[in-house]
Amino acid sequence: DGKLSFEEFKAYFDDGVLSGEELHELFRMIDTHNTDNLDTEELCKYFSQHLGEYENVLSVLEDLNITILKAMDKTKKDYQEASGLEQFVTRFLLKETVNQLQSLQSSLECAMETTEEQTRQERQGPTKPEVLSIQWPGKRSARRLQRNNSLSLKCPNFSTVFMFSKGRIEEDSHWMTQINRLQKLIDRLEKKDLKLEPFEEEVLEENTRAHIMIVQRQMSVIEEELEGFRLALKQYVESASAQGGCLHVSTQKHPSESRFILYEFWENSNAWNSHLQMNYSKTFQRSNVDFLETPELITTMLVPGKY
């Protein structure tokens, strides 16, 4: 209706960091007309005071948006009548444009997540760092999750989606239990204080997955390339975690040197081999040629799926 109530304001601007009281205080600060609603003028006036360098960024993005729309309009008109080679060049340019925009988006998302996490830590106080970092398929930032939730409420098959999600949560809970046990085993092996349990014969249940593939990747990174490697690693982990056959991805960094260890858990060897053929995996391998001091060391191991 051209104005925002507090509930509408909160639904959009809540970033999971500010409390409800802080959001309400911000709402009253922006509401200079004292109407308990925010109009466009009030919002623009408030944020315009805090744009700083982002005034240039948003201006360039506006120009970029117009330029891309013009290019898309021309592509639509010319593509059908173009020759095979001209069509190939058009497809390449479109793909390259998408890659550049995705790279920029990844950098922005990384910065956003870092600032949000830093604020949470400052509010909650120092916490013990966790080595294990579960990243389940479909994991998104808080804002994306909010948007997905708002869309799912409009879905005509919402009850079906809910039942599917409930089943997936139960399945994920089962796999999380198994993966956490495997992670503890790996940690004990690395500390060299493993105590072998008494022999116990285990009979697999029907339809139980026979084995899980565990992959350990050791990478020594050139000091000057750390920032670029971290970004490439983040993109790789997010893409790998989203694959259907991926159960878990965990990263560790050596405290005194630029050496990273990446653990990947896959449902089976076929899932791992298929993952190696994906574009995101090949891109990560190619980028490591420039980032690593020596070729990475990959070790694979099959463990009982029921463990």
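Look up a bit, the structure's there.
The structure contained in this document is the topic of the report that follows. (Residues numbered from 1 in each chain as written. Predicted model: local features only at pLDDT ≥ 70, side-chain atom pairs only at ≥ 80, totals over all residues. Heavy atoms only, no water.)

1. Focus: the overall build of the chain
So, point 1. The helix and strand inventory of the chain stands at ten helices and four strands.
So, point 2. Counting from the amino terminus, helix and strand elements in the chain follow one another as α-α-α-α-α-α-α-β-α-β-β-α-α-β.
So, point 3. Each of the 307 residues in the chain was classed as buried or not, and the buried ones make up 24%.
So, point 4. Sequence-distant contacts, at least 24 apart, represent 71% of the contacts inside the chain between residues at least 6 apart.
So, point 5. When the accessible surface of the chain is split by element, carbon and sulfur atoms take 55% of a total near 22,000 Å². (Helix = DSSP H or I, 4+ residues; strand = E, 2+ residues; numbered from the N terminus. Buried < 20%, exposed > 50% of the residue type's maximum accessible area, 1.4 Å probe, protein only. Contact = heavy atoms within 4.5 Å. Areas by Shrake-Rupley, 256 points an atom, 1.4 Å probe, with all protein chains shown as cover.)

2. Observations regarding the sheet that holds strand β1 (residues 211–220)
So, point 1. Taken in spatial order, the four strands make up an open sheet running β2-β3-β1-β4, and their pairing is antiparallel. Each edge of the sheet is formed by a strand with only one pairing partner; in this case those strands are β2 (246–253) and β4 (297–304). Averaged over neighbouring strand pairs, the angle between their axes works out to 15 degrees when direction is ignored.
So, point 2. Inspection of the sheet shows β1 paired to β4 by eight bridges, in the antiparallel sense. Paired with Gln-216 across the strands is Thr-299, a residue of β4. (Pairing = 2+ DSSP bridges. Axes fitted to C-alpha atoms, helices over the stretch in contact; angles between N-to-C directions.)

3. A short note on the packing of aromatic side chains
So, point 1. The final tally for this structure, using the stated rule, is twelve aromatic pairs.
So, point 2. Between the aromatic rings of Phe-9 and Phe-27, the centroid separation amounts to 5.4 Å while the plane-to-plane angle is 65 degrees, which identifies the pairing as edge-to-face. Taken together, the positions of Phe-9 in helix α1 (residues 6–13) and Phe-27 in helix α2 (residues 20–30) put the pair 18 residues apart, joining distant regions of the chain. Residue Phe-9 shares its accessibility class with Phe-27, and that shared class is buried.
So, point 3. Between Tyr-236 and Phe-284, the ring centres sit 4.4 Å apart and the planes meet at 15 degrees, which makes this aromatic pair stacked. Of the two residues, Tyr-236 is situated in helix α8 (residues 226–241) and Phe-284 in helix α10 (residues 279–291); the sequence distance between them amounts to 48 residues. (Phe/Tyr/Trp six-rings, centres within 6.5 Å; stacked < 30°, edge-to-face > 60°.)

Remember, this is a structural readout, not a statement about activity or role.
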